[in-house]
Amino acid sequence: MRLHVVNPNTTVTMTAKIAAAARSIALPGTAIDARQPAMGPVSIEGFYDEAFAVPGVLGCIREADRDGADAHIIACFDDTGLDAARAAAKAPVVGIGEAGFHMASLIAARFAVVTTLGVSIVPIEHNLRKYGLAERCAGVRAAEVPVLALEERNADAIGKISAEISAAIRDDRAEAIVLGCAGMADLASELAATHGLPVVDGVAAAVTLAESVVRLGLTTSRLGPYARPRSKTYSGTFSPFQP
């Protein structure tokens, strides 16, 4: 099968890291096609960046649909543009945030999320409520590490993330941790060993769930909000995105 993984920001090196994480967990017969949009922010940190990233994400998904993708993965923990992508895409779409939450809920009664900056806490809490998993989440914590600081294995950044995991275990009684950024994908095993509890990387969770959806022959339901968009004219910058 062919999985399309889209990094919603425009940073090529982050796309490469995400692709490596996806390939490390994918089944032998799964090909990973990773790409990022040409338009949008270099990192997504909060609602403002998210709004400017969505058109580029939809453009990548349209291209990957034409190339024969069996499923799409949106590799931003905020699940940037996920609902719009499900309505527009021919193939199923999985967000790494939703995938990470669900995977953690299968292995722990209470999980916590450790993300990058405080500006991302409310969007993540909003998604937890939307997905019906807020009661299972012990808390959302921010390490106050900018997304692009994760491009290299910065010891200070890793230390801050690790400190928040310790606090989540001690103060929130978390039994598992979900890493709240695709840029943390290469840290899960190390942090799990350090803290002695399951640490879920959303990229890995999304790949395994997307593979399962494809193997089960499931497609996105069109009976409701994910119905195909009605044909209409989109003007200016957005003209390429009309249904």
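The sections below set out a description of the structure shown in this document.

What counts and what doesn't
- Residues numbered from 1 in each chain as written.
- Predicted model: local features only at pLDDT ≥ 70, side-chain atom pairs only at ≥ 80, totals over all residues.
- Heavy atoms only, no water.
- Buried < 20%, exposed > 50% of the residue type's maximum accessible area, 1.4 Å probe, protein only.
- Helix = DSSP H or I, 4+ residues; strand = E, 2+ residues; numbered from the N terminus.
- Arc of directions from axis to C-beta.
- Contact = heavy atoms within 4.5 Å.
- Pairing = 2+ DSSP bridges.
- Axes fitted to C-alpha atoms, helices over the stretch in contact; angles between N-to-C directions.
- 1 Å grid on protein atoms, 1.4 Å probe; cavity = no way out; pocket = protein on both sides within 12 Å on 5 of 7 lines; lining within 4 Å.
- Points joined across faces, edges and corners; volume = space filled by probe spheres on them.
- Core = buried A, V, L, I, M, F, W, Y, C linked by side-chain atoms within 4.5 Å.

### So, helix α5 (residues 121-130)
- Those residues of α5 not exposed but buried are P123, I124, N127 and L128. Projected onto a plane normal to the axis of α5, the buried residues spread over an arc of 140° and lie on a single side.
- On the buried face of α5, the contacting elements are α2 (47-66), α4 (96-107), β5 (111-115) and β6 (137-142).
- Once α5 finishes, G132 follows within two positions and takes phi at roughly 75°, a positive value.

### Regarding the sheet that holds β5
- Strand order in the open sheet formed by four strands is β6-β5-β7-β8, with parallel pairing between adjacent strands. For this open sheet the edge positions go to β6 and β8 (199-201), each flanked by a neighbour on one side alone. Along the sheet, successive strands turn relative to each other by an average axial angle of 25°, direction set aside.
- Pairing of β5 with β6, which is carried by five bridges, proceeds in the parallel orientation. The residue bridging T115 from the neighbouring strand is A142, located in β6.

### Let's talk about the layout of surface pockets
- Of the pockets and cavities examined, the second largest pocket occupies roughly 280 Å³.
- Elements that contribute at least two residues to the lining of the second largest pocket include exactly β4 (93-95), α4 and α8 (202-215).

### Here we look at the side chain of T220
- Looking at where T220 falls in the secondary structure, it is placed in the segment after α8.
- Leaving out residues up to four positions away in the same chain, T220 has contacts with R86, A91, P92, V93 and Y226.

### Describing the nonpolar core
- By size, the foremost hydrophobic cluster in this structure holds 67 residues, and its most contacted members are F101, F111, V113, I161 and I177.
- Those residues in contact with V113, other than ones at most four positions away along the chain, are F77, F101, I124, C137, G139, V140, R141, V178 and G180.

### A short note on the sheet that holds strand β1 (residues 2-6)
- The parallel open sheet is built from four strands, whose spatial order is β2-β1-β3-β4. Because the sheet does not close on itself, it has two edges, and the strands there are β2 (31-35) and β4. Sheet twist, expressed as the mean angle between neighbouring strand axes with direction ignored, is 25°.
- For β1 and strand β3 (residues 71-74), the ladder comprises four bridges, and the chain directions are parallel. Considered in β3, the bridge of V5 is made with I73.
- Packed on one face of the sheet, helix α1 (residues 12-25) meets β1 and β2 and runs near 165° to β2.

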